[in-house]
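Here is how the chains run, residue by residue.
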Amino acid sequence: MMNNRNKKMLKTEYLPGFVFILFLAAMSIMYVLLPKQEYSPLEKRYLSGFPEFSFESLLEGEYTQGIEDFLADNTPLRAGFVGINSYYNLAIGNNGANGVYLGKNGMLIEKPADENNNLERNIGRIKEFAENESIPVNMFVVPSKGFIYHDNLPLNSLKYKDKEYFEYIENNLGDNVNFINIIDKFDLQAKKEKMFYNTDHHWTSAGAYFGYENICEAMGLKAKEKTDFNIESYTDFYGTSYSTSAYYLTPRESIEVWRDKNTGGDAAVEIIEGSKSDKYDNLFFDENLNTDDKYTVYLDGNHSMVKIHNSDASSNKKLLLIKDSFAHCLAPFLSYNYSDIVMIDLRYYKLSVKDLIKEENCDDILFVYGIDNICTSTDIILN
Amino acid sequence: MVFSSLAFLFMYLPVVLIIYYVTPKKFRNAFLFIANLFFYGWGEPVFVLLMLFSTVVDYTHGIFIEKYRNNKRVAKRFVISSVIINLGLLGFFKYMGFIGNTLNVVLPFLNIPVLKLPLPIGISFYTFQTMSYSIDVYRGDSPIQKNIISFGTYVSLFPQLIAGPIVRYKDVAYQLNNRRENFDDFTHGVKLFCVGLAKKVLIANQMGLLWDTLREGYDENGALASWVGIIAYSLQIYFDFSGYSDMARGLGNMFGFYFLKNFDYPYISKSITEFWRRWHISLGTWFREYVYIPLGGNRKGKVRTIINLMIVWFLTGLWHGASWNFVLWGLYFGIILILEKLFILKLLEKAPAFISHIYSLLIIIFGWGIFYFSDDCGGMNGFLGFMSSLFGGGLISESALHTVISYLPLLIVSIIAATPLFFKVYKKATNLKYVWLLDTAATVIVLIICIASLCNQSYNPFLYFRF
């Protein structure tokens, strides 16, 4: 205790002032001394570096703005502070302040898509596309985690309108699209199996396998047996819901890879970005399991175009898969039914889809989207 | 630079404080002057020149006014010149575009090219401060400042540079050269700063988010949601502004200055007259002393009083921004204040307290509705019309209800914090033996949560990062 020792100079009442200065100074010193990160694995983005000085940038105000960006991206203990902010908001009743609910049993659940969304337009475009296409068009939509696991939602949460959306899609896609509607079955299956990851908005391999079985049934294919796969489990996985929400106390979980017992997932995989093309020999990118972004173990995550050739497939047919990231752990299963899969992601693939169909001579077309993306996407352009 | 930024908290403030306190007393103003200019130049380096220009011009005018003290006519010319230059600066940078646009609407054949100038930060505040200096020196209300560095320190004083309070020269004249920094003031300043920071970051910013969410698509959210929205905006504007004033006063204390209180729990007022005695006090004082009273105030009969009040409130409105809705907002209050003077105050005296409170709050909240929608009369009419339609668009939509419930605890705390209750409780607690421990803990907790909130603004997890 400091009191009474030196009454004139140091009274305990002055402690807040000292602590304030110490706090600011300690933060400043840490800014200077702590090593700077170039890349944030949690945010999956490069952080701002210290700006380069020039008189022009100073006069334009760009230099000082650059310093502010640098300070914002390099705050000492930044992740800790961001986590504190999330739990503070949770404590004052604002669960989901960062767009993700902390649900029961520690499940992280993305908020539903905005009610005013692009569903109508996107479905209209797919319908029109199918009307002008002679190849059979199929569509599969993955319901949202919040809808399937609504029992885990916090008390005050927005409504997940998947049921209405699926009904809308069913009624409005027209006769030329075979809509594989599994919303009710999926709901039932979720009571038996873990269909979604706890810390990620994506479905698990079990979820994707269930989707695969239903797609096969609807498209007249014979699904590969579950027993044909070795189920491998890798620990220490955290997904995008974990990073977005910053509910960092959520335990990490395991990510599953379903590998063919015979081939071990061997297939010719070609990843094409514009004029660049890289070739691989397996459906699974095991080295990505050692990184922070483990979900990219399936076909290396987001790419403009991926071509899969599986000589072990049961047919010589070619599938055009128009998809978002929900297809990444589904496509390996489909590769046992189609010797060739051409997979495109319209967020990045900006060339003509119709030309591609002609060039590639596809036998079937399948759309695979998560409900959130089909509602919000602005990239579904099918010229 | 703003106070609630990482650059201010972790770069500017600790460095300035440390250098300030190791600098010998007689050089402290000079150091502060440089630090002020650095602070000001952070956002718009070019406008530092404007500030230096203002400093030199008003300093010189002061000298001349003093010199011709015995020749009223000449001295008066210098005051007028100072006022014209200051208002000229303000008019040029703040109102040129507005005047041009308005003239083009009224006289479209003129087709005046409209200049769009960036508004120098704080110009509305420091031009008013420097004008007060010349006028006070002329009136003999204030001593002259012969040291240009000290004068520059006053004009550019960083704590109140950006958002006030408008410190009249006479209120700090003595402190400029004779202040005594001490631990008591410093500690008090730190506490006040933290209170202000919490008001700004933890309440105002959050209420802003709530208002933004409820305002968008208000006609689908329902009437109750619009009411909650405008209440959230009323809270945002109060906590933002008064938080800034608290931070300014706290920082002032840290450097040995005392600035007068700018807000005194305005939302507990029982009349609009009282509200304007509690809201942005330094601005009200300024207009009273330098416009209303010189115009004759209330000493020239009822008609002149009314005219004078309307002039003052037209100008008060206009000062808040170069847009007609601000003028409308000012006149709205002018008319209500006149009506209060004429008869409403007498009625309110007889009415039970809660009626007076509801009356005042309704008028204030409706006023913020006018205040918000600048350059968008359609939006204003739409929103205000919708609010007053009561249950017109349904009570509240499901998604708006979700938002409101998410913010409800903070909303309730904010409403209580707008009354003196917390302060009264704290006052009681100051008698406790270990209140310093509470203070220290509160300081640390506020800092941590505020920094956490500031950090979160830059935290942008990127889902699809390759492109």
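For clarity, every value in this text was computed on a predicted model and none was experimentally measured.

Calculation criteria
- Residues numbered from 1 in each chain as written.
- Chains lettered and ligands numbered in written order.
- Predicted model: local features only at pLDDT ≥ 70, side-chain atom pairs only at ≥ 80, totals over all residues.
- Heavy atoms only, no water.
- Helix = DSSP H or I, 4+ residues; strand = E, 2+ residues; numbered from the N terminus.
- Rg over C-alpha atoms; globule rule 2.2 N^0.38 Å.
- Buried < 20%, exposed > 50% of the residue type's maximum accessible area, 1.4 Å probe, protein only.
- Axes fitted to C-alpha atoms, helices over the stretch in contact; angles between N-to-C directions.
- Parallel < 35°, antiparallel > 145°, perpendicular 65-115°, else oblique.
- Left-handed = near helix turned anticlockwise from the far one by under 90°.
- Contact = heavy atoms within 4.5 Å.
- Domains from an automatic or database assignment.
- Pairing = 2+ DSSP bridges.
- Salt bridge = Lys/Arg side-chain N within 4 Å of Asp/Glu carboxyl O.
- Core = buried A, V, L, I, M, F, W, Y, C linked by side-chain atoms within 4.5 Å.
- 1 Å grid on protein atoms, 1.4 Å probe; cavity = no way out; pocket = protein on both sides within 12 Å on 5 of 7 lines; lining within 4 Å.
- Points joined across faces, edges and corners; volume = space filled by probe spheres on them.
- Polar contact = N/O pair within 3.5 Å; in protein donor to acceptor, adjacent residues only side chain to side chain.
- pLDDT = per-residue confidence, 0-100.
- Buried area = accessible area lost by both parts, 1.4 Å probe.
- Phe/Tyr/Trp six-rings, centres within 6.5 Å; stacked < 30°, edge-to-face > 60°.
- Lys NZ or Arg CZ within 6 Å of the ring centre and 35° of its normal.
- Disulfide = S-S within 2.5 Å.

Brief notes about the overall build of chain B
When its secondary structure is counted, chain B shows 19 helices and 0 strands. Relative to a compact globule of 467 residues, whose C-alpha radius of gyration would be 23 Å, chain B shows 24 Å and is just as compact. Based on the C-alpha atoms only, the size of chain B along its principal axes is roughly 70 × 60 × 60 Å. A total of 467 residues make up chain B; the buried ones form 55% of that total.

Some thoughts on the packing of helix α14 (residues 324-350) of chain B against helix α15 (residues 353-372) of chain B
Residues and elements named next belong to chain B. Remark: α14 packs on α15, axes separated minimally by 9 Å, with the N-to-C direction vectors making an angle of 165 degrees. On the basis of the axis angle, α14 is roughly antiparallel to α15. Between α14 and α15 lies a crossing whose hand is right-handed. Side by side, α14 and α15 meet where Asn325, Phe326, Leu328, Trp329, Tyr332, Phe333, Ile336, Glu340, Ile344 and Leu348 of the first sit next to Ser356, Tyr359, Ile363, Ile364, Phe366, Gly367, Trp368, Ile370, Phe371 and Tyr372 of the second.

Focus: the domain arrangement of chain A
We note that the domain assignment places domain 1 (1-31), domain 2 (34-76) and domain 3 (100-376) within chain A. On a C-alpha basis, the centres of domain 1 of chain A and domain 3 of chain A stand 56 Å from each other.

As for the pairing of strand β10 (residues 276-282) of chain A
Residues and elements named next belong to chain A. Of the pairings in the sheet, the one linking strand β9 (residues 266-273) to β10 comprises 6 bridges and is antiparallel in character. If you follow isoleucine 272 over to β10, its bridge partner there is serine 277. Following β9, the chain reverses through 2 residues before pairing antiparallel with β10; glycine 274 in that reversal takes a positive phi of roughly 60 degrees.

Here we look at unusual backbone geometry
All names here are of chain A. A positive phi angle, close to 60 degrees, is found at alanine 246, a residue other than glycine. Structurally, alanine 246 is set in the loop between α10 (240-245) and β8 (253-260). Exposure remark for alanine 246: the relative accessible area of 0% places this residue in the buried category. A positive phi angle is found at aspartate 300, which is not glycine, with a value near 65 degrees. With respect to the helices and strands, aspartate 300 occurs in the loop between β10 and β11 (305-309). Assessed through its relative accessible area of 12%, aspartate 300 is described here as buried.

Topic: the environment of leucine 155 of chain A
Residue and element names in this part refer to chain A. With respect to the helices and strands, leucine 155 occurs in the loop between α6 (145-148) and α7 (162-172). What makes leucine 155 exposed here is its relative accessible area of 87%. Sequence spacing of leucine 155 and tyrosine 39 is 116 residues, and the spatial spacing of their C-alpha atoms is 36 Å.

Overview of the pattern of salt bridges
For the structure on display, the rule yields 34 salt bridges over all chains. Here arginine 252 of chain A and aspartate 236 of chain A are joined by a salt bridge, their closest N and O atoms 3.7 Å apart. Taken together, the positions of arginine 252 of chain A in the loop between α10 and β8 and aspartate 236 of chain A in strand β7 (residues 229-237) put the pair 16 residues apart, joining distant regions of the chain. Where arginine 249 of chain B meets aspartate 246 of chain B, a salt bridge forms, and the shortest distance between an N and an O atom there is 3.7 Å. Pair noted here: arginine 249 of chain B and aspartate 246 of chain B are both in helix α10 (residues 223-254), with a separation of 3 residues, about one helical turn. Here arginine 249 of chain B matches aspartate 246 of chain B in class, with each residue buried. Each of the salt bridges in this network shares a partner with another, and the network as a whole consists of Asp141, Arg168, Lys170, Asp171 and Glu289 of chain B.

Section: the nonpolar core
Ranked by internal contacts, the top residues of the largest apolar core, which has 167 residues, are Phe8, Phe193, Trp279 and Trp368 of chain B. In terms of nonpolar packing, the next biggest core, distinct from the first, is built from 98 residues, Phe237, Tyr349, Leu356 and Ile380 of chain A among them.

Quick look at the sheet that holds β10 of chain A
Strand pairing in a sheet relies on backbone hydrogen bonds. The paired strands run either parallel or antiparallel. Residues and elements named next belong to chain A. Taken in spatial order, the 8 strands line up as β6-β5-β14-β12-β13-β11-β9-β10 in an open sheet, and their pairing is mixed. A single partner strand is all that each edge strand has here, and the edge strands are β6 (177-180) and β10. For this sheet, the mean angle separating the axes of adjacent strands, direction not counted, is 20 degrees. Running at roughly 160 degrees to strand β5 (residues 137-142), helix α5 (residues 119-131) makes contact with β5, β6 and β14 (364-370) of the sheet.

Regarding empty space enclosed by the protein
Residues and elements named next belong to chain A. Evaluation of the coordinates by the stated rule reveals 3 cavities of 30 Å³ or more. Its volume calculated, the second largest cavity comes out at about 60 Å³. The wall of the second largest cavity is formed by Ser205, Phe229, Trp258, Asp260, Leu283, Phe284, Tyr298, Cys329, Pro332, Phe333 and Tyr336. Mapped by element, the contributors of at least two residues to the lining of the second largest cavity are β8 and α11 (331-334).

Focus on the environment of aspartate 184 of chain A
Residues and elements named next belong to chain A. Secondary-structure assignment places aspartate 184 in helix α8 (residues 183-189). For the pair aspartate 184 and asparagine 118, spaced 66 residues apart in sequence, the C-alpha separation works out to 23 Å. At 2.7 Å, the side chain of aspartate 184 forms a polar contact with the side chain of lysine 163.

Structural notes on the confidence of the model for chain B
All names here are of chain B. When pLDDT is averaged across chain B, the result is 88; 96% of the residues are at 70 or more. Ranking the elements of chain B by mean pLDDT puts helix α16 (residues 377-388) last, at 71, and helix α11 (residues 272-278) first, at 95. In this model residues 463-467 is a low-confidence stretch, pLDDT under 50, and it forms 17 contacts with partners more than four residues away in sequence or in other chains. Interface predicted TM-score (ipTM) for the complex: 0.87; the corresponding pTM is 0.89.

Concerning helix α7 (residues 169-178) of chain B
Looking only at α7 of chain B, the buried set comprises Tyr169, Val172, Ala173, Gln175 and Leu176 of chain B. The inward-facing, buried residues of α7 of chain B abut α2 (28-41), α5 (123-139) and α6 (148-156) of chain B.

Concerning the domain arrangement of chain B
Residue and element names in this part refer to chain B. In terms of domains, chain B is made up of domain 1 (6-179) and domain 2 (186-417). The straight-line distance from the C-alpha centre of domain 1 to that of domain 2 is 26 Å. Between domain 1 and domain 2, the residue contacts involve 36 residues of the former and 32 residues of the latter. For the pair domain 1 and domain 2, the summed buried surface comes to about 3,000 Å²; carbon and sulfur atoms form 74% of the total. When the buried surface of domain 1 facing domain 2 is broken down by residue, Phe98, Phe128 and Pro165 rank first, second and third, together holding 19% of it. Inspection of the region where domain 1 meets domain 2 yields 2 salt bridges. The salt bridge involving arginine 168 is made with glutamate 289; its shortest N-O contact spans 2.2 Å.

Some details on the packing of aromatic side chains
In total, this model carries 98 aromatic pairs over all chains according to the counting rule given. When the centroid spacing of 4.7 Å and the interplanar angle of 80 degrees are considered together, the rings of tyrosine 133 of chain B and tyrosine 169 of chain B count as edge-to-face. Here tyrosine 133 of chain B, found in helix α5, pairs with tyrosine 169 of chain B, found in helix α7; they are 36 residues apart in sequence, far enough to count as distant. Cation over ring: lysine 224 of chain A sits above tyrosine 336 of chain A, and NZ or CZ is 4.6 Å from the ring centre. It is lysine 72 of chain B that lies over the ring of tyrosine 138 of chain B; its NZ or CZ is 4.7 Å from the centre.

Points about the state of the cysteines
Here the structure, examined in full by the defined rule, presents 0 disulfides over all chains. Here cysteine 362 of chain A stays free of any disulfide, with the sulfur of cysteine 216 of chain A as its closest cysteine sulfur at 18 Å. Note on cysteine 362 of chain A: relative accessible area 6%, which makes it buried. Summary of cysteine pairing: cysteine 194 of chain B is not part of a disulfide, and the nearest cysteine sulfur, belonging to cysteine 450 of chain B, is at 7.9 Å.

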